[in-house]
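Coordinates in review
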Amino acid sequence: MASALSRSVCFDSDTLDFSDICRDLASKLTDIDVSSILVSIDAANRLKVLKVLGCTNITGAGLDPLRGSIFLEQIDLNTSVITAISSDGFPPCFTLSEDAMIPILDSIIAEKGRALKLLELPLAWRKKESTQLAAFLERYSNAQSRRTCLCCECSADFQASSWMDHFKGSPFWGLQRHTCYDCTEHICVDCDAAFCDECKKNFCNDCCPIQYCACGKASCMDCFGVEYCESCDETFCQDCRPVFMCECCNRFRCMECAIHLFCSTCNESNCMQCANENNVQWCEVCEEDKCNDCRHKAFKDGSLDCKGCRGLLLPRIIQENEAQQREIEMLKLVVLNAVNKEIVLNVRAV
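Residues numbered from 1 in each chain as written. Predicted model: local features only at pLDDT ≥ 70, side-chain atom pairs only at ≥ 80, totals over all residues. Heavy atoms only, no water.

1. Focus: the environment of Arg295
To keep things clear, this is the line we draw: Helix and strand definitions here come from DSSP, where helices need a minimum of 4 consecutive H or I residues and strands a minimum of 2 consecutive E residues; each element is numbered from the N-terminal end.
Assignment of secondary structure puts Arg295 in helix α6 (residues 292-300). Separated by 47 residues in the primary sequence, Arg295 and Glu342 place their C-alpha atoms 46 Å from one another.

2. What about the packing of aromatic side chains?
Heads up, the condition is: Pairing of aromatic rings covers Phe, Tyr and Trp, the last through its six-membered ring, and needs centres within 6.5 Å; plane angles under 30 degrees mean stacked, over 60 mean edge-to-face, and all others mean tilted. Each residue is assigned to one of three classes by its accessible area relative to the maximum for its type, calculated with a 1.4 Å probe on protein chains only: buried under 20%, partly exposed between the two thresholds, exposed over 50%.
One pass over the full model with this rule turns up four aromatic pairs. Ring geometry for Phe158 against Trp163: centres 6.2 Å apart, planes inclined by 20°, an arrangement best described as stacked. Just as Phe158 is buried, Trp163 falls in that class too. Taken together, a centroid distance of 4.8 Å and an interplanar angle of 70° make the contact between Phe244 and Phe262 edge-to-face. With a gap of 18 residues between them, Phe244 in strand β14 (residues 243-245) and Phe262 in strand β16 (residues 260-262) connect regions that are remote in the sequence. Residue Phe244 is classed as partly exposed on the basis of its relative accessible area, which comes to 22%.

3. What about the environment of Asn78?
The test is simple: Think of a polar contact as two N or O atoms within 3.5 Å of one another; within protein, one of them needs to be a possible hydrogen donor and the other a possible acceptor, and neighboring residues in sequence only count if both atoms come from side chains.
Structurally, Asn78 is set in the loop between β4 (74-76) and α3 (98-109). Polar contacts involving the side chain of Asn78 include one to the side chain of Asp76, which spans 2.8 Å.

4. Some thoughts on the pattern of salt bridges
Applicable threshold: The term salt bridge refers to a side-chain nitrogen of Lys or Arg lying within 4 Å of a carboxyl oxygen of Asp or Glu.
In the structure shown here, the tally under the stated rule is twelve salt bridges. Measuring nitrogen to oxygen at the nearest pair gives 2.4 Å for the salt bridge that ties Arg67 to Asp64.

5. Let's talk about the nonpolar core
Put simply, the rule is: Think of a nonpolar core as a cluster: buried Ala, Val, Leu, Ile, Met, Phe, Trp, Tyr and Cys residues, connected wherever their side-chain atoms sit within 4.5 Å. In what follows, residue pairs with any heavy atoms lying within 4.5 Å of each other are defined as contacts.
Within the largest apolar cluster, 41 residues are counted, with the highest numbers of intra-cluster contacts made by Phe18, Leu47, Leu50, Leu63, Leu77, Leu119 and Phe136. Secondary structure elements with two or more residues in this core: α2 (31-40), α3, α4 (123-128) and α5 (131-145). Ignoring anything within four residues of it in the chain, the contact list for Leu63 reads Val34, Leu38, Leu50, Leu77, Met101 and Ile104. In terms of nonpolar packing, the next biggest core, distinct from the first, is built from 21 residues, Leu175, Cys180, Phe195 and Phe203 among them.

6. Quick notes on a nonpolar patch on the surface
Rules: Each patch groups residues whose relative accessible area exceeds 30% and which form no salt bridge, using 9 Å between like charges and 5 Å between nonpolar side chains of Val, Leu, Ile, Met, Phe, Trp and Tyr. Per-residue and other accessible areas follow the Shrake-Rupley method at a 1.4 Å probe size, with only the shown protein chains counted as cover for residues.
On the surface, a nonpolar cluster with roughly 440 Å² of combined accessible area is contributed by Leu331, Val334, Val335, Val339 and Ile343. Within the element layout of this structure, Leu331 appears in helix α7 (residues 307-349).

7. A few points about the pairing of strand β12 (residues 226-229)
We count it as follows: In this analysis, strands are considered paired if DSSP registers two or more bridges between them.
Two strands pair when backbone bridges link them, and β12 and strand β13 (residues 234-237) are joined in this way by four bridges, in the antiparallel orientation. Within the sheet, the bridge partner assigned to Glu227 lies in β13 and is Phe236. Counted between consecutive antiparallel strands, the loop separating β12 from β13 contains four residues, among which Asp233 sits at a positive phi close to 60°.

8. Quick notes on the side chain of His178
Checked against the element boundaries, His178 lands in the loop between β7 (157-158) and β8 (194-196). Residue classification places His178 among the buried positions, given a relative accessible area of 9%. There is a polar contact of 3.2 Å between the side chain of His178 and the backbone oxygen of Ser162. Apart from residues no more than four positions distant in its own chain, His178 is found in contact with Phe158, Ala160, Ser162, Trp163, Glu185, His186, Ile187, Val189 and Asn202.

9. What to know about the packing of α3 against α5
Heads up, the rule is: Between N-to-C directions, angles span 0 to 180 degrees; the directions come from axes that are lines fitted to C-alpha atoms, helices contributing only their stretch in contact. For classification, angles of less than 35 degrees are called roughly parallel, those exceeding 145 degrees roughly antiparallel, those between 65 and 115 degrees roughly perpendicular, and all remaining angles oblique. By definition, turning the near helix anticlockwise from the far helix through less than a right angle yields a left-handed crossing, and turning it clockwise yields a right-handed one. Only Asp, Glu, Lys and Arg are considered charged, only Ala, Val, Leu, Ile, Met, Phe, Trp, Tyr, Cys and Pro nonpolar, and every remaining residue, Gly among them, polar.
Interhelical geometry of α3 versus α5 gives an angle of 15° and a closest axis separation of 11 Å. When the axes of α3 and α5 are compared, the pair comes out roughly parallel. Our pair here, α3 against α5, has a crossing hand that is left-handed. Together, Glu98, Asp99, Ile102, Leu105, Asp106 and Ile109 of α3 and Gln132, Leu133, Phe136, Arg139, Tyr140 and Ala143 of α5 make up the contact between the two elements. Partitioned by chemical class, the residues of the contact of α3 with α5 number seven nonpolar, one polar and four charged.

As structure tokens, this is what we get:
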């Protein structure tokens, strides 16, 4: 399997990103497979970016060829997009081992000429907050604090004392600070990197602008945790005042600026101004929002009992009946012309 992945479909130049390959294939890779790939591309002396997303079957031992690398700039150890954590702090089938990975990471940060800028740790590790990992985070922070970095915002040289939060119970435990998670450039304490509350990542202003709700919640443009209302010119999170996009006019507005209707059957939505017989409308009789496609389907199968819904659907039914009547008339003309033609031919034959 490793030989099949040594082609450019898996990595490009100095980047090895396993999320670029088929998810089913990446999940079958073993540590032996990953190790063979790293050796075949001389990863320790060539690779700058490593992302193991999708490699849910590895312990991390297969990354041993990266020991002591001075070329790696970014390491992302998230093997999957974790949305649920089990009671013991680990998601189901999580195999990446701290015992296997920490010695490899220690060997990298021990190198004086290392290029490492950004280290992303799995959510499962950050939830567990093990003593072993906390000790490594402190070593990582100390190693980074001895370096002089250039701020990408103000272009000033700076040194920071805390690069990884390793204090027990902190909501930012195990997250790297002073670094943009997109371009991996550093940001000084005075400029203060913008932090997204949704994806838990820092960004510089050039890579991903952050939007702020009045309650203080922040979200990057990729997460859509905070949305902009183009009517009142304000930004809100979903907890304070949801902002919705009308699927008809494509405008983003909060619920105070424009009422949005959501079909109780298929969840299709549109604003009140766009409500008509072709989309979502409010019925005063049954007091439900429904799109008229769902109403029409219920009407066809005989389950539309609400008179109010039938009334809302009436213009559409009339249009359909008129269109059907036109088709019938056209069909009559076609048949009549064919009959007349046949009569003429018979007369000539006589």
